[in-house]
Amino acid sequence: MRKAIQKYPLYSFIIGVLITLVTPLTGAAQSKSYVEVKCRVLDERHFPIRGAILTVTLLDGTEDVFYSDSDGQVVVSGLEGDEVSIEAEGMKSLKYILKTTEKKKGFFMKPLKLPFEKVVLEGGYQIQKREDATTFSTKIDDQYLSHTYGINVGTSLTGTDPSVLVEQLTSNPGWDVSNITIRGLSTTGDNAPAVFIDGFERSIYQLNIEEVESIEYLKDIRAKILVGPAAVNGVIWITTKQGQAVKRKIDVGYESGIQTPTTSHHYLDSYNSALLYNEARANDGLSPFYSEDALQKFKDGSDPFRYPNNDFSALLLKDQTQYQKAYVTLTGATRNSKYSVNLGYQNQEGMVAEGPKNGLDRFNIRANLKARMNQVITLNANISARTEIINTSTLTGRDFFDMMSTHRPMDYPIYVEENMIKEGEAAGFGVSRLSNKNLYAEVTERGYQREQRIIGQTNMGLDFNLKQITEGLSADVNVALDTYNSVTYGQNASYNAYLPVYKGDTLNQFIQKGRKTELSKQSKTSDDVFRGYAMYSRIKYDKSWNDLHNIYLQGMYSFVREEYKSSVQEPQNMTASFLASYRFKDKYIIEGVVSHYGTNRLDKNSGHLNYVASLGWVLSEENFMYNSIFDYLKVKANYGLMATDRNFMNHRLHQNVWSQSGNVYFGSNNNTTLKPTELEHTGTELLDWEKQKELNVGIEGRIFRRLSFFGNYFYNYRYDIPEQVDNKMINGMPYAQYENYGEVKNQGVEVALNYQNKIKHFRYAIGVGGMYSQAILMDGNVIRYEEDGMNKIGKPVNGIYGLQADGLFQSYEEIQSHPQQMYGTVRPGDIKYIDQNGDGVINEQDKVLIGDSFPDFVLNSSIKLNYKNFELFAQFSGVIGREVVLNNAYYWNYGEGKYSDVALDRWSESNPNGTYPRLTTKEYQNNFQNNSYWIENGNYLRLDNLQLTYRLPTKKWTNNVVSGMKVYARGNNLFTWSKLENVDPSNLNSGYTNLPLLTSYVVGVHVTL
């Protein structure tokens, strides 16, 4: 030591000065040793407790506070002999004295009373324990989401709640969106729930799963009313990952997988297509188009140029694509702050095999910070940025599949070689008499399109602890600024297109239908800009006394403004609300909320008053329940009224707008000219808010600490729904006027059961849930028919109406003896309909309700098995009581269109028992109406997610450098059980009018440092 001091005299001097300055401050503490103990906090079942608070009181009266992480781990530091207080929500507190002899310590905490669920509800601008809530909200966390579809948060919600139905529309990278409903249908307009991220309304598709900490479903009016008019259909309330009270934690993850279509095309080859086409012409009284020699050449492929056999699906679509993503999350805390930073990258290939690169590249960063500025003020800051680049050909997905389903395999050769007819003729692509476009060339030769999206989201907030004024008083103010910019640009070109013309068997000439051009200069084709401004502020008072009474009061104000490029008026909303809640002995709960909504979408009725009253009774706290099988049981109910302006989606000017265009000529020589005045846009002076009265009654509980359950009944009555009324006339010309016309009654029941247990090293949890709902149209802008069949009032909102089929006609005698069908020429093999009104004629008046496209029942189930370091998770979802209309390109084969394999079992004189109507090229009006012949049972059960995880014991191997590591294999959308074949029952148009839905096979690794 002396040599060291001599060697470094300057450092020795500085250290000496610091010791001299610090010694008077440390006082008696200098004799105590510094202690650092690695602690783990567990419950009585040895499950880790996240967020346990360990407090060390310092000499100056302040405190050092430490929080356990998701594994219950925390490092506590102090001086020997310091007392550590260990507290956790719902647990009996513990005391511990720091000792130099202990470097590790485990704490087992017992519950004060076992809670119903270790869940804190954060949605709807009020934080509540599950036991204290009279809402009907449910919640899932990031641990649950880690087992679901990893690419898209919206799709990952599939099967997570019995009242949530997710119907994926397409898998197109960057456009992978879904229809989502909560508790069925309550309006004839838009039934989509609102999505709020960190307290502000945002798109669920601008978020990665790794950014999410929890998702709540706000289903009932008590949970929704504080959110505002956007919440009427329910709310998906998302909280992103916040900082944890750990010194530092780094999570690194990577996963890669392949995706395959859930369906494949079943179009016929050229031989069978030509054969059926000839038969269709014969059924129409026309001569065959293809000779026997042509059919043979289609069959043997001896002349592929004149008699091609193009399989566009095999040529242009991949059998599988790849995707990969990587992410890093840094979490930590200091004495006065907590932070979380997430960075991610995702790459997803498109399904088109040829042409320009197609797919998605996405980068994101999110930073969340919570910092205590002083004893009064805490700062919250959430900042995220995201950029996406989507590459495609110039064809949209819809145009691509429209051509895929109409361009027949025998219509044209793909390529026309150079000099095929005469010297100097350039190479090109073949086209047909039916189309001047070549599908392959449209994809590969027309250029490319690239869309770049840049999204920024920022929200800042200040929390104020006002207990110095009075205990329990607090306030906060939060503001947000969101920006969205999408720019699409690309280059275009044309190609040589030739129509081959034959004279007999000889190729006579090519008629040029298109001429090649070079790629144009890169140009911008669209530019979309959005800015959103929002704020909310609250003042809260939360006070308990005598362990008997608790009162909670909250006043809140929020404001939202949206700006769109080129919009005339910017939508604005405000909400002012007051909440009062009283709880007695933790078993009687009464709450009431009054809120006022404002909008600039309406002119005269810009404000609306809303209210809700809510009750809760925790029966398990009553003396007569102490010896029952229930360790928790609560009943609850609420009733109220709330309004919305969200079905005025296109923001409307308040006044009628007239315009003058064209000319009208008067006088004997038409020499007087006047411009007619037309109504261009109707105002909102006659419109009012869309409103909903809502009743919710429910029960929730747990039996023997293992089986938890809930059952809820809901009744929604939506009225004053804005609908377009078309029978308005001015100067003999029709115009569209919106009026508050519609009424819908939606009621149903949702139930869920969850059972968990442990047998030595084996743990398991099983959940099953379901919802029954029925939405009935009570009034609306519909025709009142004398016949009951077509009357829509009193029938399902998503009812399917059409003719009732009665098989196929087998002879002309049967046709002549049957009531006349008013849909074109009818021949044997055509669909026979029932004369519903008995007037001897079958027409529009004979249409009846033939199905309902929204399911009566929505089901979900999950199974989680743990054995030592292994975990198996499976999740199912399904629907019952749903009908679908088989009317897409796969099922409806007629005219000059393409044939699929459903037409192989067509009716003919030699096959009178065929299941498909006769083939036709022009007499198809009768068969291809909405009718029950094309209605099929749309029920299905699907294995949504299956994941096997192994957690490696890395702490032992790495000396605690790596605190956790797991590897996993996952499959998404693996199997579907349904009566329907060759289509996806959840989306019949998948792969036929848009890109197919996909099955994913994924392997991944997650490391915690």
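Not measured: the values here are computed from a predicted model.

### Quick notes on the overall build of the chain
Here's step 1: Looking only at helices and strands, the chain has 12 helices and 54 strands in total.
Here's step 2: Along the three orthogonal principal directions, the C-alpha set of the chain runs to about 110 × 70 × 70 Å.
Here's step 3: Relative to its full complement of 1009 residues, the chain shows a buried share of 50%.
Here's step 4: Sequence separation of 24 or more characterises 68% of the internal contacts of the chain that already satisfy a separation of 6 or more.
Here's step 5: When the accessible surface of the chain is summed, it comes to about 47,000 Å², and 54% of that surface belongs to carbon and sulfur atoms.
Here's step 6: In the chain, 105 positive and 114 negative side-chain charges are present, and the distance between their average locations comes to 10 Å.

### Examining the packing of aromatic side chains
The geometry of an aromatic ring pair is captured by the separation of the ring centres together with the interplanar angle, meaning the angle of the planes.
Here's step 1: In total, this model carries 38 aromatic pairs according to the counting rule given.
Here's step 2: Their ring planes at 90° and their centres at 5.3 Å tell us that Phe 298 and Tyr 307 sit as a pair that is edge-to-face.
Here's step 3: Their ring planes at 35° and their centres at 4.5 Å tell us that Tyr 894 and Phe 928 sit as a pair that is tilted. Residue Tyr 894 is located in the loop between β50 (883-885) and β51 (935-937), and its partner Phe 928 is located in the loop between β50 and β51; the two are separated by 34 residues in the primary sequence.
Here's step 4: What makes Tyr 894 partly exposed here is its relative accessible area of 28%.

### Description of the sheet that holds strand β27 (residues 506-514)
Here's step 1: A sheet is described by the order of its strands in space; here 4 strands give the open sequence β22-β23-β26-β27, paired in mixed fashion. Bordering the open sheet on either side are β22 (415-416) and β27, each of which pairs with just one other strand.
Here's step 2: By the bridge criterion, 2 bridges tie β22 to strand β23 (residues 428-430) in an arrangement that is antiparallel. Within the sheet, the bridge partner assigned to Val 416 lies in β23 and is Gly 428.

### Regarding empty space enclosed by the protein
Here's step 1: A full pass over the atoms with the stated rule returns 9 cavities of 30 Å³ or more.
Here's step 2: Approximately 220 Å³ is the volume found for the largest cavity.
Here's step 3: Of all the secondary structure elements, the ones that give two or more residues to the lining of the largest cavity are α4 (153-156), β11 (164-168), β52 (940-952), β53 (964-978) and β54 (998-1008).
Here's step 4: Take the lining of the largest cavity: its biggest share by element is 3 residues, from β52.
Here's step 5: The class makeup of the residues in the lining of the largest cavity is 4 nonpolar, 12 polar and 2 charged.

### Considering the nonpolar core
Here's step 1: In this structure, Tyr 290, Tyr 891 and Tyr 899 are the most contacted members of the largest nonpolar core, which totals 37 residues.
Here's step 2: When contributions to this core are tallied by element, the ones reaching two or more residues are α6 (270-283), α7 (292-300), β43 (805-808) and β45 (831-833).
Here's step 3: For this core, the element with the highest residue contribution is α6, accounting for 4 residues.
Here's step 4: If sequence neighbours within four positions are ignored, Tyr 899 has contacts with Tyr 267, Leu 268, Ser 273, Leu 276, Tyr 277, Ala 280, Asn 893 and Leu 919.
Here's step 5: Of all hydrophobic cores here, the second largest spans 30 residues; its members include Leu 218, Ala 223, Trp 237 and Leu 579.

### Quick notes on a nonpolar patch on the surface
Here's step 1: A cluster of nonpolar side chains, contributed by Val 594, Leu 609, Tyr 611, Tyr 639, Leu 695, Val 697, Tyr 713, Val 749 and Val 751, occupies part of the molecular surface with about 710 Å² of accessible area.
Here's step 2: Within the residue set of the nonpolar patch, elements represented by two or more residues are β32 (607-618), β38 (690-703) and β40 (733-759).
Here's step 3: Along the chain, Tyr 639 turns up in strand β33 (residues 630-644).

### Focus: the sheet that holds strand β16 (residues 235-240)
Here's step 1: Taking strand neighbours across the sheet as the criterion, the 5 strands line up as β10-β15-β16-β13-β14 in an open arrangement whose pairing is mixed. The two strands at the open ends of the sheet, each matched to only one other strand, are β10 (138-141) and β14 (200-201).
Here's step 2: Relative to β16, strand β13 (residues 194-197) runs parallel, the two sharing 4 bridges. Within β16, the residue paired with Phe 196 across the bridge is Trp 237.

### Topic: the confidence of the model for the chain
Here's step 1: Taken residue by residue, the chain gives an average pLDDT of 90. The fraction at 70 or more is 93%.
Here's step 2: Below a pLDDT of 50 lies the segment residues 1-30, which in the model reaches 5 contacts outside its immediate sequence neighbourhood of four places, other chains included.

### Observations regarding the packing of α6 against α7
Here's step 1: In contact at an axis separation of 8 Å, α6 and α7 are set at 155° when each is read in the N-to-C sense. In terms of axis orientation, α6 runs roughly antiparallel to α7. Listed contacts from α7 to Ser 270, Tyr 271, Ala 274, Leu 275 and Asn 278 of α6 are Leu 295, Phe 298 and Lys 299.
Here's step 2: Class assignment for the residues of the contact of α6 with α7 results in 5 nonpolar, 2 polar and 1 charged.

### Considering the pattern of salt bridges
Here's step 1: Taken as a whole and judged by the stated rule, the model has 54 salt bridges.
Here's step 2: Notably, a salt bridge pairs Glu 122 with Lys 139, separated by 3.2 Å at the nearest N-O pair. Of this pair, Glu 122 sits in the loop between β8 (120-121) and β9 (128-129) while Lys 139 sits in strand β10, placing them 17 residues apart in sequence.
Here's step 3: Under the relative-accessibility criterion, Glu 122 is labelled partly exposed at 26%.
Here's step 4: One continuous salt-bridge network, built from bridges that share partners, spans Asp 284, Arg 827, Asp 830, Arg 918 and Glu 923.

### Re the environment of Arg 281
Here's step 1: Checked against the element boundaries, Arg 281 lands in helix α6.
Here's step 2: You can call Arg 281 buried: its relative accessible area is 16%.
Here's step 3: Distance from Arg 281 to Leu 919, taken between C-alpha atoms, is 8.1 Å for residues 638 residues apart in sequence.
Here's step 4: Residues in contact with Arg 281, not counting those within four places in the same chain, are Leu 286, Ser 287, Pro 288, Phe 289 and Thr 921.

### Topic: the pairing of strand β31 (residues 588-599)
Here's step 1: Summarising the sheet, strand β30 (residues 572-584) and β31 pair through 12 bridges and their orientation is antiparallel. Residue Ser 581 lies in a different strand from β31, and its bridge partner there is Glu 591.
Here's step 2: Between the end of β30 and the start of β31, which pair antiparallel, lie 3 residues, with Lys 585 showing a positive phi angle near 55°.

### Considering unusual backbone geometry
Here's step 1: Phi at Asp 586 takes a positive value of approximately 55°, unusual for a residue other than glycine.
Here's step 2: Considering the arrangement of structural elements, one finds Asp 586 in the loop between β30 and β31.
Here's step 3: The partly exposed category is assigned to Asp 586, whose relative accessible area is 36%.
Here's step 4: Backbone geometry at Lys 868 places phi at a positive 55°, although glycine is not the residue there.
Here's step 5: Looking at the element boundaries, Lys 868 is found in the loop between β48 (857-867) and β49 (870-880).
Here's step 6: Taking the relative accessible area as the measure of exposure, Lys 868 reaches 54% and is therefore exposed.

### Some remarks on the pairing of β54
Here's step 1: Of all 11 residues that make up β54, 8 are buried, and the element is covered over most of its length.
Here's step 2: The sheet contact formed by strand β17 (residues 249-261) and β54 spans 11 bridges and is antiparallel. Bridge pairing links Gly 257 to Val 1002 in β54.
Here's step 3: One ladder, built from 9 bridges, connects β53 with β54; its direction is antiparallel. When the sheet's bridge partners are listed, Lys 966 is paired in β54 with His 1006.

Rules used throughout
Residues numbered from 1 in each chain as written. Predicted model: local features only at pLDDT ≥ 70, side-chain atom pairs only at ≥ 80, totals over all residues. Heavy atoms only, no water. Helix = DSSP H or I, 4+ residues; strand = E, 2+ residues; numbered from the N terminus. Buried < 20%, exposed > 50% of the residue type's maximum accessible area, 1.4 Å probe, protein only. Contact = heavy atoms within 4.5 Å. Areas by Shrake-Rupley, 256 points an atom, 1.4 Å probe, with all protein chains shown as cover. Lys, Arg positive; Asp, Glu negative; His and termini not counted. Charge placed at Lys NZ, Arg CZ, Asp CG, Glu CD. Phe/Tyr/Trp six-rings, centres within 6.5 Å; stacked < 30°, edge-to-face > 60°. Pairing = 2+ DSSP bridges. 1 Å grid on protein atoms, 1.4 Å probe; cavity = no way out; pocket = protein on both sides within 12 Å on 5 of 7 lines; lining within 4 Å. Points joined across faces, edges and corners; volume = space filled by probe spheres on them. Nonpolar A, V, L, I, M, F, W, Y, C, P; charged D, E, K, R; others polar. Core = buried A, V, L, I, M, F, W, Y, C linked by side-chain atoms within 4.5 Å. Patch = residues over 30% accessible without salt bridge, like charges linked within 9 Å, V, L, I, M, F, W, Y side chains within 5 Å. Salt bridge = Lys/Arg side-chain N within 4 Å of Asp/Glu carboxyl O. pLDDT = per-residue confidence, 0-100. Axes fitted to C-alpha atoms, helices over the stretch in contact; angles between N-to-C directions. Parallel < 35°, antiparallel > 145°, perpendicular 65-115°, else oblique.

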